[in-house]
Amino acid sequence: MKFFEKPGPEMSDRVPPGQHLAKGFPVLTYGDTPQISIADWRLKTWGKAERKTYTWEDLMALPQQDFTADFHCVTTWSKLDVKWTGIAVPDFLATLNREPSATHVLLHCFGDYTTNLTLADFNRPENFLAHRLYGEPLPADHGGPMRLVVPHLYAWKSAKWLSGIEFLPQENLGFWERNGYHPRGEPFAVERYSGR
Ligand SMILES: Nc1nc2c(c(=O)[nH]1)N[C@H]1C(S)=C(S)[C@@H](COP(=O)(O)O)O[C@H]1N2
Ligand SMILES: [Mo]
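Small disclaimer: the values here were computed from a predicted structure and weren't measured.

## Looking at the pairing of strand 3 (residues 42–47)
Next, step 1: In this structure, strand 3 lies alongside strand 4 (residues 52–55), joined through four bridges in antiparallel fashion. Pairing of Leu43 across the sheet is with Tyr54, part of strand 4.
Next, step 2: Sheet topology note: the strand 3/strand 12 (residues 162–168) ladder contains four bridges and is parallel. Counted as the bridge partner of Lys44 is Gly164 from strand 12.

Below is the structure:
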């Protein structure tokens, strides 16, 4: 059985160096899949921004959009044109005040995973909080009920089971970034490891 295929020439400009196209949509999780019901789900914000707690209904009241995005895992598989539904990050950020000193975020997840982004890499209209995948509720293995998707960076930045956004005046590294992954992780620049 073949799990990966070489991209055709028409796709090669969309597939970063060293990546192969996955068949299906692999699940990649460090540790166990947390089971969070929609009733129990909360998203908290703190740090150099308003301290708030959002419920599922709060997020559903925001503008909903369909997104089609390529997904690149640093372990060398990519999946093109994944179809999601969710809330654009700028639409979410418009609901809270932040201090001018907030230049970075650390994303927190149910199950304790973390990952860091600059505010500029986070606050882009093509990034979104996803709660549907191919028209169905986002499965728990893929980060349901709610995950972040950051298409322009390696997928370890796309925090599954998102539970908190910490606004910071400097870069605080997340789980993989503390363990040798690149602080930014841009796939076309092949930013896999930090070299620090
Ligand atoms: N909370 C959490 N988010 C996570 C991970 C994780 O282990 N825990 N793995 C990351 C990695 S390395 C990848 S490639 C993608 C995989 O998403 P998928 O399982 O939906 O394919 O989720 C990212 N987000
Ligand atoms: Mo990954």
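Next, the rest of the story.
## Things to note about the pattern of salt bridges
Next, step 1: Summed over all chains, the structure comprises six salt bridges.
Next, step 2: The closest approach of N and O atoms between Lys157 and Glu177, which form a salt bridge, is 2.7 Å. Of this pair, Lys157 sits in the loop between strand 11 (147–149) and strand 12 while Glu177 sits in helix 4 (residues 175–178), placing them 20 residues apart in sequence. The exposure classification of Lys157 matches that of Glu177, with both residues buried.
Next, step 3: The network of salt bridges with common partners includes Asp121, Arg124, Glu126 and Arg184.

The rules behind these values
- Residues numbered from 1 in each chain as written.
- Chains lettered and ligands numbered in written order.
- Predicted model: local features only at pLDDT ≥ 70, side-chain atom pairs only at ≥ 80, totals over all residues.
- Heavy atoms only, no water.
- Pairing = 2+ DSSP bridges.
- Helix = DSSP H or I, 4+ residues; strand = E, 2+ residues; numbered from the N terminus.
- Salt bridge = Lys/Arg side-chain N within 4 Å of Asp/Glu carboxyl O.
- Buried < 20%, exposed > 50% of the residue type's maximum accessible area, 1.4 Å probe, protein only.

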